[in-house]
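Residues per chain are reported as follows:
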Amino acid sequence: MLVYLTKPLAWIGRYGTQGFALSIFVGLALPQFAAAARPLLAVTIFIFVMLTFARAEEASVRALLKAPKPLILASLWLIIAPAVLITLMLACIGRANLDPGLVLGLAVMGAAPPIMSAPAIAMLLGLEPTLLLSAVLVTTAAAPVVSPLLIDIIAGAAVPLDTSILIQRLVLLIGGAIVGAFVLRKVMGMERIRANRQTFDGIGVLMYFLFAIAAMDGVMEAALTQPARVAQFLAFAFAMAALGFLMAWLALRWLPATDRFLLGYCTCQRNMGLLIAALGASAPKTTFLFFALAQFPIYLMPMVMKLVAKRLHPR
């Protein structure tokens, strides 16, 4: 019975980058399921975090810990750089000139850890993910303490938040996923996890598909009734993705090109769903709309990255 499940998942995993791009458009095409799927946001985020921690190679992480400078600097970059970039942008534009929900959405982007799928995307592209994976693990583990403080700093007084509740929810969500990853490693063992790499890739794509449907709740309606706002939010999302990549590519020249490339991708491609799930019903509608539209560069960029990655690391 298990074979009948693993084979389709492995097939999906082989076409991961195409699956990422397709899933967001399927989510838009199924608005009738989006509202029903929205409670699955926290579930998909939990599984992303759990699988990423479960698939971490201990030997590679240990090697980085023996010479930790690249890991420390990469982790600091992924925490500080997006927060600084978005804070400077908000200071230039003026928070009062933007919708408060957009301000909170940008603060969530700047405060969230990098997307959990980034190491899996690196593997799909044939790039060495060890530094990125280790930095994602470090920044995600630190998120319950770091992210609420950064949101408060970036958003400012314009968006009041109960950071203590946010910290508690993030501890439960991330801590539970780490425990789940530990159990999965004990039950399956790393040999079986490695042997089923494409199956796990397929599970990741499937979770992305469910996540996309849930994230697209209200997007089609907003596009029809508020096209100017949707265009503005999309412009911010793509601009931040481009600026984050450019900033990392120029500033991290001491790193190998592949690591610089992957860290650039993650600078403003953030696991916003983690904080949106923790905020729950308290997230304003416009914040959720920006979060949803910010998924477009996340879902579409792997297709572009695949073309660039071939030049950096032909296989």
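Preceding this paragraph is the structure being described.
Since this is a predicted model, take the numbers as computed values, not measurements. (Residues numbered from 1 in each chain as written. Predicted model: local features only at pLDDT ≥ 70, side-chain atom pairs only at ≥ 80, totals over all residues. Heavy atoms only, no water.)

A. A look at the overall build of the protein chain. Along the backbone of the protein chain there are 18 helices and zero strands. Contacts in the protein chain between residues far apart in sequence, at least 24 positions, make up 86% of those at least 6 positions apart. Surface summary for the protein chain: the accessible area is close to 14000 Å², and the carbon and sulfur share equals 71%. (Helix = DSSP H or I, 4+ residues; strand = E, 2+ residues; numbered from the N terminus. Contact = heavy atoms within 4.5 Å. Areas by Shrake-Rupley, 256 points an atom, 1.4 Å probe, with all protein chains shown as cover.)

B. Fine view of the pattern of salt bridges. Evaluated as defined, the whole model comprises two salt bridges. Of the charged contacts, one joins Asp99 and Arg229 as a salt bridge, the two residues approaching to 3.0 Å between their closest N and O atoms. Of the two residues, Asp99 is situated in the loop between helix H6 (69-93) and helix H7 (100-111) and Arg229 in helix H14 (residues 227-251); the sequence distance between them amounts to 130 residues. With a relative accessible area of 22%, Asp99 lands in the partly exposed category. Assessed through its relative accessible area of 28%, Arg229 is described here as partly exposed. Among the ionic pairs, Arg194 bridges to Glu191, the shortest N-O distance being 2.9 Å. In this pair, Arg194 and Glu191 are both assigned in helix H11 (residues 190-195), three residues apart and thus about one turn of the helix distant. (Salt bridge = Lys/Arg side-chain N within 4 Å of Asp/Glu carboxyl O. Buried < 20%, exposed > 50% of the residue type's maximum accessible area, 1.4 Å probe, protein only.)

C. The arrangement of the environment of Thr140 in detail. Residue position: Thr140 is located in helix H9 (residues 130-155). For the pair Thr140 and Ala112, spaced 28 residues apart in sequence, the C-alpha separation works out to 8.3 Å. In contact with Thr140, not counting residues within four places along its chain, are Val49, Phe53, Pro113, Met116 and Ile174.

D. Region of the structure containing the packing of aromatic side chains. Counted by the stated rule, this structure contains six aromatic pairs. Seen from their ring centres, Phe211 and Phe291 are 5.9 Å apart, and the 90° between their planes marks the pair as edge-to-face. Of this pair, Phe211 sits in helix H12 (residues 197-215) while Phe291 sits in helix H17 (residues 285-293), and the two are 80 residues apart along the sequence. Phe291 gets classed as buried once you look at its relative accessible area, which sits at 0%. With a centroid separation of 5.8 Å and 85° between ring planes, the pair formed by Phe245 and Phe261 is classed as edge-to-face. On the criterion of sequence distance, the pair formed by Phe245 in helix H14 and Phe261 in helix H15 (residues 257-267) is long-range, its members being 16 residues apart. Looking at Phe261, the relative accessible area reads 3%, which means it is buried. By the ring-pair criterion, three or more aromatic residues cluster together here, those being Phe48, Phe211, Phe288 and Phe291. (Phe/Tyr/Trp six-rings, centres within 6.5 Å; stacked < 30°, edge-to-face > 60°.)

E. Looking closely at the side chain of Asn271. Examined against the element boundaries, Asn271 turns out to sit in the loop between H15 and helix H16 (272-279). Those residues in contact with Asn271 that sit more than four places away from it in its chain are Ile45, Ala112, Pro113, Pro114, Ile115 and Met116.

F. Geometry of the nonpolar core. Counting 104 residues, the largest nonpolar core has Leu106 and Phe290 as the members making the most contacts within it. Of the residues forming this core, the biggest block, eleven residues, is contributed by H9. When residues no more than four places from it in sequence are discounted, the contact partners of Leu106 are Ile86, Met89, Leu90, Leu98, Phe236, Met240 and Phe290. (Core = buried A, V, L, I, M, F, W, Y, C linked by side-chain atoms within 4.5 Å.)

G. Structural context of a nonpolar patch on the surface. Taken together, Ile72, Leu73, Leu76, Ile80, Val84, Leu88 and Trp254 make up a surface patch of nonpolar side chains, about 630 Å² in accessible area. Mapped onto the secondary structure, Ile80 falls in helix H6. Relative accessible area serves as the criterion here: at 44%, Ile80 is assigned to the partly exposed category. (Patch = residues over 30% accessible without salt bridge, like charges linked within 9 Å, V, L, I, M, F, W, Y side chains within 5 Å.)

H. Representation of the packing of H7 against H14. For the pair H7 and H14, the least separation of the axes is 12 Å and the interaxial angle reads 20°. By the angle between their directions, the pair H7 and H14 is classed as roughly parallel. Viewed along their axes, H7 and H14 form a crossing whose handedness is right-handed. Residues Leu102, Leu106 and Met109 of H7 lie in contact with H14, whose contacting residues are Gln232, Phe233, Phe236 and Met240. Residues that form the contact of H7 with H14 fall into these classes: six nonpolar, one polar and no charged. (Axes fitted to C-alpha atoms, helices over the stretch in contact; angles between N-to-C directions. Parallel < 35°, antiparallel > 145°, perpendicular 65-115°, else oblique. Left-handed = near helix turned anticlockwise from the far one by under 90°. Nonpolar A, V, L, I, M, F, W, Y, C, P; charged D, E, K, R; others polar.)

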